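# Structural overview
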Amino acid sequence: MTRPTLTQATGPAHSRILGLGGVRGERTVPNDELVGPIDSSDEWIRQRTGIITRRRAEPGTDVLDLAEAAALQAIANAGLTGADIDVVILSTVTYFHQTPAGAAIIADRIGATPAAAFDISAACAGYCYGIGQADALVRAGSARHVLVIGAEKMSEFVDPTDRSISFLLGDGAGAVVIGPSDTPGIGPTIWGSDGSQAQAIRQTHSWLATRDEGAGWPTLRQEGPSVYKWAVWQMAPVAQKAMDAAGVTVDEIDAFIPHQANMRIIDQMIKTLKLPDTVVVGRDIADTGNTSAASIPLATERLLREGQVSSGALALQIGFGAGLVYAAQVVVLP
């Protein structure tokens, strides 16, 4: 018996970002509001991280509210409606439900049903992971328009007395719509992980310990010096590989938009990559804080809104964090 030959989906040769949206927590939280429990000062936080304020959401705002608001902005800016979205990808580590996926709820809220929907747990690299998957889905013909959201309410995942990370974190969401393009708009994704360093950024204990041992609400913790060394010395080569894969040089990049982890990390990566002064650098961390999966789209949103870069600019973006995981690509800004 002759087996039939399967028909495979085929799609456009290229994809690009069609629209972007971003929202930040409603409250502006200055350093002075956080220094007491960690026995620190505004000056200490500024020198170590570059953070002046961070944005945090009100208690009645949850991570899906942030995600929905950013998604609706991105869809509108792409000139589309929710019904045009074929896939919803939500990257977050602060949606505290194992199931159902937050992406399915967002799809319903924005009128995208019956779009495929799933969540990504890749921490601060999650947005770039989502971009890589959306690019592949569009070019494979599995979807025409993919909504990628990075959303976090990190303020619900902190111990105010923890000097390692609590003062870094903020709340917000960023989203983009990826769709077909006549020309290349998203370069190859360079990504990976190193689980041997899983303890460098971690949840303090499991939810089972919370239930069975009365361990209390788990929070986030990091080994600061280890994370700094890893990010500074191992992520710059990943960013360089992303440029090489996209066929561009540092002199052709208009913007560098790294994960907003720490201003010192950003500055050192600039030096290691030898980026020229003409490259605009995302520094949203100074006012928004570290928003994990939301940080890159929020930094992008600020650059575009403030006119520091324009539509069509070439941006190198890289996310890195808990896992340890990382992902980078060069994109054309919407």
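Check the entry above for the structure.
Residues numbered from 1 in each chain as written. Predicted model: local features only at pLDDT ≥ 70, side-chain atom pairs only at ≥ 80, totals over all residues. Heavy atoms only, no water.

### Examining the overall build of the protein chain
The secondary structure content of the protein chain amounts to nine helices and 14 strands. With the principal axes as the frame, the protein chain shows a C-alpha extent of 70 × 50 × 40 Å. Residue burial in the protein chain is summarised as follows: out of 334 residues, 54% are buried. Summarising the internal contacts of the protein chain: among those between residues at least 6 apart in sequence, 77% fall at separations of at least 24. Separation of charge centres in the protein chain, based on 25 positive and 35 negative side chains, amounts to 4 Å. (Helix = DSSP H or I, 4+ residues; strand = E, 2+ residues; numbered from the N terminus. Buried < 20%, exposed > 50% of the residue type's maximum accessible area, 1.4 Å probe, protein only. Contact = heavy atoms within 4.5 Å. Lys, Arg positive; Asp, Glu negative; His and termini not counted. Charge placed at Lys NZ, Arg CZ, Asp CG, Glu CD.)

### Observations concerning the sheet that holds strand 14 (residues 325-332)
Hydrogen bonds between backbone atoms are what pair the strands of a sheet, whose relative direction is either parallel or antiparallel. What the five strands build is an open sheet, ordered 8-14-13-11-12; its pairing is mixed. Each edge of the sheet is formed by a strand with only one pairing partner; in this case those strands are strand 8 (190-193) and strand 12 (280-281). Sheet topology places strand 13 (residues 314-321) next to strand 14; eight bridges connect them, and they run antiparallel. Across the sheet, Gln317 pairs through a bridge with Gln329, a residue of strand 14. (Pairing = 2+ DSSP bridges.)

### Looking at the packing of aromatic side chains
For the structure shown, the criterion picks out seven aromatic pairs. When the ring of Phe96 is compared with that of Trp217, the centres are 5.3 Å apart and the planes differ by 85°; the resulting orientation is edge-to-face. Of this pair, Phe96 sits in the loop between strand 4 (87-91) and helix 3 (102-109) while Trp217 is found in the loop between helix 5 (207-212) and strand 10 (220-222), placing the two residues 121 residues apart along the sequence. Taken together, a centroid distance of 5.0 Å and an interplanar angle of 75° make the contact between Trp207 and Trp217 edge-to-face. Taken as a pair, Trp207 in helix 5 and Trp217 in the loop between helix 5 and strand 10 lie far apart in primary sequence, 10 residues in all. A connected cluster of aromatic rings, assembled from ring pairs, spans Phe96, Phe157, Trp207 and Trp217. Sitting over the ring of Trp44, Arg163 keeps its end group 4.5 Å from the ring centre. Between Arg264 and the ring centre of Tyr228, over which it is positioned, the NZ or CZ distance is 5.1 Å. (Phe/Tyr/Trp six-rings, centres within 6.5 Å; stacked < 30°, edge-to-face > 60°. Lys NZ or Arg CZ within 6 Å of the ring centre and 35° of its normal.)

### Section: the environment of Val176
Among the structural elements, Val176 can be located in strand 7 (residues 171-181). In this structure Val176 comes out as buried when scored by relative accessible area, which is 0%. Put simply, Val176 and Glu33 are 143 residues apart on the chain and 33 Å apart in space, counted from C-alpha to C-alpha. In this structure Val176 touches Ile17, Gly19, Leu20, Ala74, Tyr127, Ile131, Val146, Leu147 and Val148, once residues within four positions along its chain are discounted.

### Some details on the packing of helix 2 (residues 63-77) against helix 3
Between helix 2 and helix 3, the shortest axis-to-axis distance is 10 Å and the interhelical angle comes to 50°. Here helix 2 is positioned oblique relative to helix 3, judged by the angle of their axes. Note that helix 2 runs across helix 3; the crossing there is right-handed. Taking contact as the criterion, the partners of Leu64, Asp65, Ala67 and Glu68 in helix 2 are, on helix 3, Gly102, Ile105, Ile106 and Arg109. (Axes fitted to C-alpha atoms, helices over the stretch in contact; angles between N-to-C directions. Parallel < 35°, antiparallel > 145°, perpendicular 65-115°, else oblique. Left-handed = near helix turned anticlockwise from the far one by under 90°.)

### Observations regarding the pattern of salt bridges
Under the counting rule described, the total for this entry stands at 16 salt bridges. Across the pair Glu68 and Arg109 runs a salt bridge whose closest N-O atoms are separated by 3.0 Å. Within this pair, whereas Glu68 is found in helix 2, its partner Arg109 is found in helix 3, the two being separated by 41 residues in sequence. Take Arg109: its relative accessible area is 33%, and that puts it in the partly exposed class. Here Arg302 and Glu306 are joined by a salt bridge, their closest N and O atoms 3.1 Å apart. Connected through shared salt-bridge partners, Arg24, Asp284, Asp287, Glu301, Arg302, Arg305 and Glu306 make up one network. (Salt bridge = Lys/Arg side-chain N within 4 Å of Asp/Glu carboxyl O.)

### A short note on helix 6 (residues 224-246)
The terminal C-alpha atoms of helix 6, which comprises 23 residues, lie 32 Å apart, in line with the 33 Å expected from a rise of 1.5 Å per residue. Largest kink in helix 6: about 35°, centred on Met235, with the proline Pro237 one to four residues after it. Turning to helix 6, its buried residues number three or more, namely Val227, Trp230, Ala231, Val232, Met235, Ala236, Val238, Ala239, Ala242 and Met243. Residues of helix 6 that are buried sit in contact with strand 8, strand 9 (201-203), strand 10, helix 7 (263-273), strand 13 and strand 14. Taken from the residues just after helix 6, Gly247 is the one with a positive phi, measuring 75°. (Expected span 1.5 Å × (residues − 1). Bend = angle between axes of the 7 residues up to and from the residue.)

### Observations regarding the pairing of strand 4
Burial of strand 4 is extensive: five of the five residues sit out of reach of the surface. Residues of strand 4 alternate between two faces, with Val87, Ile89 and Ser91 on one and Val88 and Leu90 on the opposite face, all of them buried. For strand 4 and strand 5 (residues 116-120), the ladder comprises five bridges, and the chain directions are parallel. When the bridges of strand 5 are listed, Ile89 appears paired with Phe118. Crossover connection from strand 4 via helix 3 to parallel strand 5: handedness right-handed. Summarising the sheet, strand 4 and strand 6 (residues 146-153) pair through five bridges and their orientation is parallel. For Val87, the partnering residue across the bridge sits in strand 6 and is Val146. (Right-handed = clockwise from strand over helix to strand, strands pointing away.)

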